[in-house]
Structure formats: C-alpha cells, structure tokens
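# Structural overview
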Amino acid sequence: MNICVFCSAYSLDDRYSAPAAEFARLLGEGGHTLVWGGSDAGLMGLLADEVKAAGGGLVGVMVEMLRHKAYAGADELVWTADLAERKRELANRADAIVVLVGGLGTMDEVTEVLELKKHGLFEKPVVVLDTEGFYAGLRTQLERMDAEGFLPKPLTELVTFADTPAEVFAQLKA
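The rules behind each value
- Residues numbered from 1 in each chain as written.
- Predicted model: local features only at pLDDT ≥ 70, side-chain atom pairs only at ≥ 80, totals over all residues.
- Heavy atoms only, no water.
- Helix = DSSP H or I, 4+ residues; strand = E, 2+ residues; numbered from the N terminus.
- Expected span 1.5 Å × (residues − 1).
- Buried < 20%, exposed > 50% of the residue type's maximum accessible area, 1.4 Å probe, protein only.
- Contact = heavy atoms within 4.5 Å.
- Axes fitted to C-alpha atoms, helices over the stretch in contact; angles between N-to-C directions.
- Left-handed = near helix turned anticlockwise from the far one by under 90°.
- Nonpolar A, V, L, I, M, F, W, Y, C, P; charged D, E, K, R; others polar.
- Pairing = 2+ DSSP bridges.
- Right-handed = clockwise from strand over helix to strand, strands pointing away.
- Core = buried A, V, L, I, M, F, W, Y, C linked by side-chain atoms within 4.5 Å.
- Polar contact = N/O pair within 3.5 Å; in protein donor to acceptor, adjacent residues only side chain to side chain.

### Structural notes on helix α2 (residues 42-53)
Each turn of an α-helix holds 3.6 residues, which means side chains three or four residues apart point in the same direction. When the terminal C-alpha atoms of α2 are compared, their 17 Å separation across 12 residues agrees well with the 16 Å that a helix rising 1.5 Å per residue should span. Residues of α2 that are buried include every one of Leu43, Met44, Gly45, Leu47, Ala48 and Val51, and no others. On its buried side, α2 packs onto β1 (2-6), α1 (14-29), β2 (33-36), β3 (57-63) and α3 (83-93). Count one or two residues on from α2 and you reach Gly55, which has phi positive near 95 degrees.

Below you can see the structure in the form of structure tokens.
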C-alpha cells in the first residue's frame, strides 16, 4: 500500500518523534511505501530513515523551491512546480493518507483532502494519528461541524482518529 503521510518538516521532541518513528517502522515492516513531501528535514527525514531501515519503499514529492532539502535515499523523487501541484501528486499516488503532527502546511494538506472527500473527489481513507492529543482541537471542531450540519457526509466517512501507530494500521485494514 502507498501510504501518504502529512507531517512536520521540523525536528520535534521525543513525545512526537517516537510515535512517528514507531509508525514508520510499522509502515516499512508491513512492506508499504511511504509517499511524503520528500524532505530530509525534521520529522519527514526521520520517517524516511525509519521506513527505509525497516524495508519499506520511499516516494518523495518535492517542490522545486525546496530542492536543497530533498531526501537523497528515496526510491523515487517527483518534482513539482508549486505546493498545489505537490498536494495533487501526493493524493494521486496514495492508497491512504495518514496525518502526523505538523504545522500550517500539514493543516493545509489535510483540510484540502477532507474538502475533496466531502465532495466525493477523493475516496481513500484518511487517518489522523492524534499523538499527545495534538489534534484534539481539530477533532472538536470537526465534530461540531458534523453535529451542526456543516458536513454533507458523516464525519466518520471523511476521517478517523487513532491514538497509537498500531491503531492507525488497524483502521487502514478495516
């Protein structure tokens, strides 16, 4: 399975990096391919290192302006002109999307995918790994949108949340 991961390109402390590394090891040991932003920086680089060490594949999708941060050990690097093209390419190459901790770029990526799912333009599973309750606010907001009629589909058809890396894979298998 090609698993696209949205996450931070910053180095983070162990409470965030350890679950990300565990997720990456499970991904690689499962024979899956990581489809990610292609960077060697921060959590992105950690994921790639762990997936590669565990025997998984690596497909990076990089924006030209970030060429200097490209992960040298990727099995394939795809170059895009801008962030919008990068998001399309990531989604097109994915069988599923997993969201790890991240900043504004991660929020942009996940909200775009959820908007596409809302309109039936993206049918693949999206799972948020809610490490340390990082996405509690997002979950609360989405649940409110669902409860108050702002979503045309039930929230569970758009996204699910997991507390552990193992739970992410259990949801992807379901």
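### Quick notes on the packing of α1 against α2
Their axes nearest at 8 Å, the elements α1 and α2 cross at an angle of 35 degrees. Helix-helix and strand crossings are classified by hand; for α1 and α2 the assignment is right-handed. Of the residues in α2, those in contact with Tyr16, Ser17, Ala20, Ala21, Phe23, Ala24, Arg25, Leu27 and Gly28 of α1 are Leu43, Leu46, Leu47, Glu50 and Val51. For the contact of α1 with α2, the per-class residue count stands at 10 nonpolar, two polar and two charged.

### Looking at the pairing of β1
Within β1, four of the five residues are buried, which leaves it mostly tucked inside the rest of the structure. Sheet analysis places β1 next to β2, joined by three bridges and oriented parallel. Bridge pairing links Cys4 to Val35 in β2. With α1 bridging β1 and its parallel neighbour β2, the resulting β-α-β unit is right-handed. Relative to strand β5 (residues 96-99), β1 runs parallel, the two being bridged by four bridges. Residue pairing for β5: Cys4 is matched across the bridge by Ile97.

### Regarding the nonpolar core
Formed by 28 residues in total, the largest nonpolar core has its most connected members in Val5, Phe23, Leu47 and Leu100. Breaking this core down by element, the ones donating at least two residues are β1, α1, β2, α2, β5, β6 (126-129) and α7 (165-173). Discounting chain neighbours no more than four positions away, the residues touching Val5 are Phe23, Leu34, Val35, Trp36, Leu47, Val98 and Leu100.

### Brief notes about the side chain of His32
Within the element layout of this structure, His32 appears in the loop between α1 and β2. There is a polar contact of 3.3 Å between the side chain of His32 and the backbone nitrogen of Met1. Excluding its chain neighbours within four sequence positions, the residues that come into contact with His32 are Met1, Ile3, Leu26, Leu27, Gly56, Gly57 and Phe169.

### Observations regarding the environment of Val61
Relative to the helices and strands, Val61 is located in strand β3. Note on Val61: relative accessible area 0%, which makes it buried. Between the alpha carbons of Val61 and Cys7 there is a distance of 13 Å; along the sequence they are 54 residues apart.

### Some points on the sheet that holds strand β4 (residues 76-80)
Pairing is parallel across the open sheet formed by seven strands, whose spatial order is β4-β3-β2-β1-β5-β6-β7. Of all strands in the sheet, those bounded by a partner on one side alone are β4 and β7 (160-162). The average undirected angle you get between the axes of adjacent strands in this sheet is 25 degrees. Two strands pair when backbone bridges link them, and β6 and β7 are joined in this way by three bridges, in the parallel orientation. When the sheet's bridge partners are listed, Val127 is paired in β7 with Thr160. Of the strands in this sheet, β1, β2 and β5 are in contact with α1, which crosses β1 at around 165 degrees.

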